[in-house]
Amino acid sequence: MVRGFESKTKRLFDGTQTSNVVDFGGNKDNDRAYGIIKGKLILSKDEVAQTFDNVIGGIVESCQKLLRGRRVEHILLVGGFGESPYLKKRLMDIFSKQGATVVTVEQPSRKAAAEGGAIWYIKRQVKARAARFTLGTISSVAVHRAEHLERIESAFVDSDGLLTVRNTFTTLVKKDEVLDDDYSHTASFAAVFSAVEMLFIPESVNRKMDIYAWEGEGDAPVWAKNEEGDEIIPGLRLLCSLEADMPRLKESIKEMTGPGGKKYFQSDIRVLIFLGGTELTARLQWSEGVSVVRSCESSYTIAGKELRWTSGDYFQFYRLKE
């Protein structure tokens, strides 16, 4: 009986038939008290619908969660139950009001090909997409905006002679920015040292940078941490951390001249954000010696400290290059 229901009755039921036949036996199989005549069980529309309702309710709830806040034109049903005309009808009744069309694959042998074909086509067709969040990192910057005066009391003169504030949010990718398939963005950062500080830089240095997403309302914030500098502001979520060991860092540090002819030393680092397929990738890049360029890609680890030298608190914070 179950096989008869699964193989035919369930697959043909679309919610419009007033009576539905489950053909499971022969002419000698009769039980009129239960509606069984000559191996056939007659079920009403409501009786068959009850076998679907719990499962369809869960599918509808799942679809509503996935589609919340999104505009979708097509919903593709795959799998054995995806062939059910009743499931398609119920989904159409709900999601057609949102402008979506429900598409099914009628031949079971074509389900896997259809699913793979749809994924391939979407990846080929999506040439650009809009960033869902503003992405950025925490850095120190030379005072150059009116908002920086809010924390002028905690500002300091860096080794290059510039007045600097800590814990600012530096935007790498803006929300709703259209990212083409070959999109890439590079941001340059620097760590600066005095002649005295150069004496204490070890041969091998570990650098670490955290990438955050701004999920709050409105534009990205000026500050990434509270005034005390010990808490990330609400709305910022850590996405990944970039960390690398740099054994030949000192070879690439350059001597520079700051305001008033002041000599200082600078180490450069670059953050690259680029689109590969359907994923954004973050990469940390630096130079070793004169011509050797090294890099490391994002690793999803738990972290939350401000961008700085990890070999000791004595060294200055990284600052966004002007």
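Rules used in this analysis
- Residues numbered from 1 in each chain as written.
- Predicted model: local features only at pLDDT ≥ 70, side-chain atom pairs only at ≥ 80, totals over all residues.
- Heavy atoms only, no water.
- Helix = DSSP H or I, 4+ residues; strand = E, 2+ residues; numbered from the N terminus.
- Buried < 20%, exposed > 50% of the residue type's maximum accessible area, 1.4 Å probe, protein only.
- Contact = heavy atoms within 4.5 Å.
- Areas by Shrake-Rupley, 256 points an atom, 1.4 Å probe, with all protein chains shown as cover.
- Bend = angle between axes of the 7 residues up to and from the residue.
- Phe/Tyr/Trp six-rings, centres within 6.5 Å; stacked < 30°, edge-to-face > 60°.
- Lys NZ or Arg CZ within 6 Å of the ring centre and 35° of its normal.
- Polar contact = N/O pair within 3.5 Å; in protein donor to acceptor, adjacent residues only side chain to side chain.
- Core = buried A, V, L, I, M, F, W, Y, C linked by side-chain atoms within 4.5 Å.
- pLDDT = per-residue confidence, 0-100.
- Arc of directions from axis to C-beta.
- Salt bridge = Lys/Arg side-chain N within 4 Å of Asp/Glu carboxyl O.

Some remarks on the overall build of the chain
A count of helical and extended segments in the chain gives 5 helices and 18 strands. When each of the 322 residues of the chain is scored for burial, the buried share is 38%. Taking all contacts inside the chain whose residues are at least 6 apart in sequence as the whole, residues at least 24 apart take part in 68%. In the structure as shown, the chain presents an accessible area of about 18,900 Å², 51% of it carried by carbon and sulfur atoms.

Considerations on helix H2 (residues 45-67)
Each α-helix winds once per 3.6 residues, and so residues spaced three or four apart point in a common direction. Of all the bends in H2, the greatest, near 40°, is centred on Asp-53. Every buried residue of H2 is accounted for by Val-48, Ala-49, Phe-52, Ile-56, Val-60, Cys-63 and Leu-67. Two residues or fewer past H2, Gly-69 is found with a positive phi of approximately 80°.

Here's the deal with the packing of aromatic side chains
For any pair of aromatic rings, geometry is given as the distance between the ring centres together with the angle between the planes. Enumeration according to the criterion identifies 1 aromatic pair in this entry. On the numbers, 5.1 Å between centres and 75° between planes, the contact of Phe-52 with Tyr-86 is edge-to-face. Here Phe-52, found in helix H2, pairs with Tyr-86, found in helix H3 (residues 85-95); they are 34 residues apart in sequence, far enough to count as distant. Taking relative accessible area as the criterion, Phe-52 reaches 2% and is therefore assigned buried. In this structure, Arg-166 packs its charged tip against the face of Phe-156, placed 4.1 Å from the ring centre.

A short note on the side chain of Ser-159
By the element assignment, Ser-159 lies in the loop between strand S8 (156-157) and strand S9 (163-173). For Ser-159, a relative accessible area of 6% gives the class buried. Within the structure, Ser-159 has its side chain in polar contact with the side chain of Glu-197 (distance 2.9 Å).

Quick look at the nonpolar core
With 29 residues, the main nonpolar core has Ile-211, Val-271 and Leu-284 as its most contacted residues. Of all elements in the fold, only S9, strand S11 (184-193), strand S12 (205-214), strand S13 (236-246), strand S15 (263-276) and strand S16 (279-288) reach the threshold of two or more residues within this core. Look past the residues within four positions of Val-271 in its chain and what remains in contact with it is Leu-172, His-185, Thr-186, Ala-187, Phe-189, Met-209, Ile-211, Leu-242, Arg-283 and Leu-284.

A closer look at the confidence of the model for the chain
Confidence along the chain averages 76 in pLDDT terms, with 72% of residues attaining 70 or more. Low confidence marks residues 298-322, where pLDDT is under 50. Its contacts with residues over four positions away, or in another chain, come to 96 contacts.

Considering H3
Where H3 is concerned, the buried positions are Tyr-86, Leu-87, Leu-91 and Phe-95. Take H3 and look down its axis: the buried residues cluster within an arc of 150°, on one side only. Sitting at the amino-terminal end of H3 is Ser-84, which places a side-chain oxygen 3.3 Å from the backbone nitrogen of Tyr-86.

As for the pattern of salt bridges
For the structure shown, the criterion picks out 6 salt bridges. For Arg-145, the salt bridge is made with Glu-147, and the minimal N-O distance between the two is 3.5 Å.

Quick word on unusual backbone geometry
The phi dihedral of Asn-167 is positive, around 65°, even though this residue is not glycine. As for its placement among the helices and strands, Asn-167 is situated in strand S9. Its relative accessible area of 8% is what places Asn-167 among the buried residues. Unlike most non-glycine residues, Asp-176 shows phi in positive territory, near 70°.

Topic: the environment of Met-92
With respect to the helices, strands and loops of the structure, Met-92 is situated in helix H3. Apart from the residues within four sequence positions on either side, Met-92 is in contact with Ala-100, Thr-101 and Val-102.

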